[in-house]
Each structure stands twice: as structure tokens, then as C-alpha cells.
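Architecture and fold: a report
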Amino acid sequence: MSGPEARPARTPAYTHGYGAAVLDSHRARTAQNSAAQLLPHLRPGQQLLDVGSGAGTITADLARIVGPGDVTALEVSEQSAEITRAELARQGLGAVQVVVGDAQALPLAEDSVDVVHAHQVLQHLPDPVTAIAEARRVTRPGGVIALRDSDYEGFRWYPEVPAIDRWLALYLRAARANGGTPDAGRRLLAWAHAAGLEDVTAGSSTWLHATAASRTAWAETLAGRLTAGPFAEQLGSERWADAAEREAIAGSIRGWAEDPDGWFSVLHGELLARV
């Protein structure tokens, strides 16, 4: 696979890490619940690049539509690439090519794909506009770029639990310290314009956790990240929240999930661009 000349790009830092609390949540993502804006534009035989393929479940759904041999999945490290490969192999989709690279300097030639998809990726990148410009560079004229990112400061929940406020404040601090933009969802349109895209359609959607099962799953992923993995380690090493406080926050979040009135809305910004 040929690519552009080497260019400087700051290495992304992934605040969440790849522990069980993260991957268990990410494996619930599907093309239907996470890339619905893209699905009407897909057809067999398109060359598709999935940037930040992660747990691989969305990649697998996209590959079944366009064809596994026509999909390239990109991850930032060999560790995360192996996670994608394992899921694709489990689903019998080993023909998908999984490569390691930086979204801010894609290892692909110009005009080499028909579709670029990125879900929850730009919020973690130091240079999201550069990443979108790279997506534009590798997409053929008439092709499609589909982006979706959370807007953490747009999250809403009930009942109002101080522990969730504290979790959010800590996450925003950590993500920004790592060079990320946790309110990325609201910025996608501006970033696309800055990257030179003109034919763009912006949208938004939500995930809602308001059943016993979905509240429990959401609480477990938040609590698990507070008590183990890079986010927990960062909070401890920076002395923003010690182990006792993190355990207390996690316990309160789990308690919130037991409330039958519990409701948590996760806001996402979306963007679909025609090159």
C-alpha cells in the first residue's frame, strides 16, 4: 500500500485504553446504532477505509455490506490492531486488511478509496482538521466521508448524582490534558469546513440508557474506567483523584444505575461529506 511522503503529526493519546470495561462497551456498537447516517450510501464493491476500527464490530458490519476484501481498517498501534483482527476473525471476515497508522497521516495513496468512516476518533486526535483533510485526500471524487463523535459536555442524566458530575469533570480534564477535544461532536462541521470540505451535511443523534440493562452496562463501563486502566492511572499520577475517591465515584455511579428512574443521554455530532 503506497502512501504520502512522511509528514510530522503528533501521536494521539487514547485516554480510555483497551481494558475490559472499555471493550465490553465498544463491542455493543454496530453499524446500525453507530453509523446509521452512512448506511444508505454503501453498496457492494466500494473501497472503504474504517479509521479507528477498535473493537471491530462496526468494521464487521460495514464489511458485510461492501465486501470484506474491499475494506481496510486502520488502528494506531499493533495492540489495538490485534483487537480488530481478533473480532473480524471471530466473525469470519479475515479478508479485511487491518493496518497500523496515524489518522493524521494516512498510509494510503490519493483517491484510493470510495468511503472513509471514523467513529469516536477525532475527539482523541491532536489535529482533527488534519485528519479530515487526510480523509479527503484519500477519497475519490464522488466518494463519502462519514464522521461521528461524542459531545461529552452535551451529556444529560437523571437523577442528578454528584458523582457523575465529578466523573465528567475528571474525564474532561484528562482528555484535554492528552490533547483531545471531548466536545468534538459540536465541532465536526467547523472542522470539515476548515479541512476544505464543502458538500457537507451535519446531524446529531443520541444513545439513551434508560432500561435496567443499558443503565447497568453504562455504569459498569464508567466505573471500570475509573478503577483500572490508563484513565484511572492518569487520575492517580496527576493527583486529581486518589484511589479512594475513584472507588467512591464508581460505587455511586453503580448505585445510580439501580434507580428505575435512571436516564442517561449520550449526545453525538455527525457529519456526512461528499468529496
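This text gives an overview of the structure that appears in the document. (Residues numbered from 1 in each chain as written. Predicted model: local features only at pLDDT ≥ 70, side-chain atom pairs only at ≥ 80, totals over all residues. Heavy atoms only, no water.)

Within the element layout of this structure, Ala219 appears in helix α8 (residues 212–227). For Ala219, a relative accessible area of 1% corresponds to the buried category. Along the sequence, Ala219 and Ile253 sit 34 residues apart, while their C-alpha atoms lie 5.8 Å from each other. When neighbours within four sequence positions are excluded, Ala219 is seen to be in contact with Ile253, Arg254 and Ala257. (Helix = DSSP H or I, 4+ residues; strand = E, 2+ residues; numbered from the N terminus. Buried < 20%, exposed > 50% of the residue type's maximum accessible area, 1.4 Å probe, protein only. Contact = heavy atoms within 4.5 Å.)

For any two helices packed against each other, one specifies the inter-axial angle together with the distance between the axes. Look at helix α6 (residues 162–177) against helix α9 (residues 230–237): their axes get within 11 Å of each other, and the N-to-C directions meet at 90 degrees. Looking at the two axes, α6 sits roughly perpendicular to α9. Two secondary-structure elements touch here, α6 through Trp167, Leu170, Tyr171, Ala174 and Ala177 and α9 through Phe231, Gln234 and Leu235. (Axes fitted to C-alpha atoms, helices over the stretch in contact; angles between N-to-C directions. Parallel < 35°, antiparallel > 145°, perpendicular 65-115°, else oblique.)

Turning to the pattern of salt bridges, a few remarks are in order. A full pass over the atoms with the stated rule returns 13 salt bridges. Taking the shortest distance from any N to any O, the salt bridge between Asp183 and Arg186 comes out at 4.0 Å. If you follow the salt bridges from partner to partner, you end up with Asp151, Asp183, Arg186 and Arg187 in one network. (Salt bridge = Lys/Arg side-chain N within 4 Å of Asp/Glu carboxyl O.)

A separate point is the environment of Leu272. Among the secondary structure elements, Leu272 is positioned in strand β8 (residues 263–274). If we skip the residues at most four places from it in the chain, Leu272 touches Gln37, Leu38, His41, Val144, Ile145, Ala146, Asp199, Val200 and Thr201.

It is worth spelling out the side chain of His209 at this point. Here His209 shows up in strand β7 (residues 199–209). In this structure His209 comes out as buried when scored by relative accessible area, which is 13%. Those residues in contact with His209 that sit more than four places away from it in its chain are Ser214, Arg215, Trp218, Gly262, Trp263, Phe264 and Val266.

Below, the discussion takes up the nonpolar core. In terms of nonpolar packing, the biggest core is built from 30 residues, with Phe155, Ile164, Trp167, Leu226, Phe231, Ile253 and Phe264 touching the most fellow members. It is α6 that contributes the most residues to this core, nine residues altogether. Beyond its immediate chain neighbours, meaning those up to four positions away, Trp167 contacts Tyr152, Phe155, Leu222, Leu226, Phe231, Ile249, Ile253 and Phe264. Within the second largest apolar cluster, 28 residues are counted, among which are Val99, Leu108, Ala184 and Ala192. (Core = buried A, V, L, I, M, F, W, Y, C linked by side-chain atoms within 4.5 Å.)

All right, on to helix α5 (residues 128–138) then. Looking at α5, one finds that the buried residues are Pro128, Ala131, Ile132, Glu134, Ala135, Arg137 and Val138. In this structure, the buried side of α5 is in contact with β1 (48–51), β4 (113–119), β5 (139–150) and α7 (188–194).

A cis geometry characterises the amide bond from Tyr158 onward to Pro159, with omega recorded as -5 degrees. Relative to the elements of secondary structure, Pro159 occurs in the loop between β6 (156–158) and α6. Its identity as a non-glycine residue notwithstanding, Asp111 has a phi of 55 degrees, on the positive side. Look at Gln120: it is not a glycine, yet its phi comes out positive at around 60 degrees. The class of Gln120 is buried, set by a relative accessible area of 8%.

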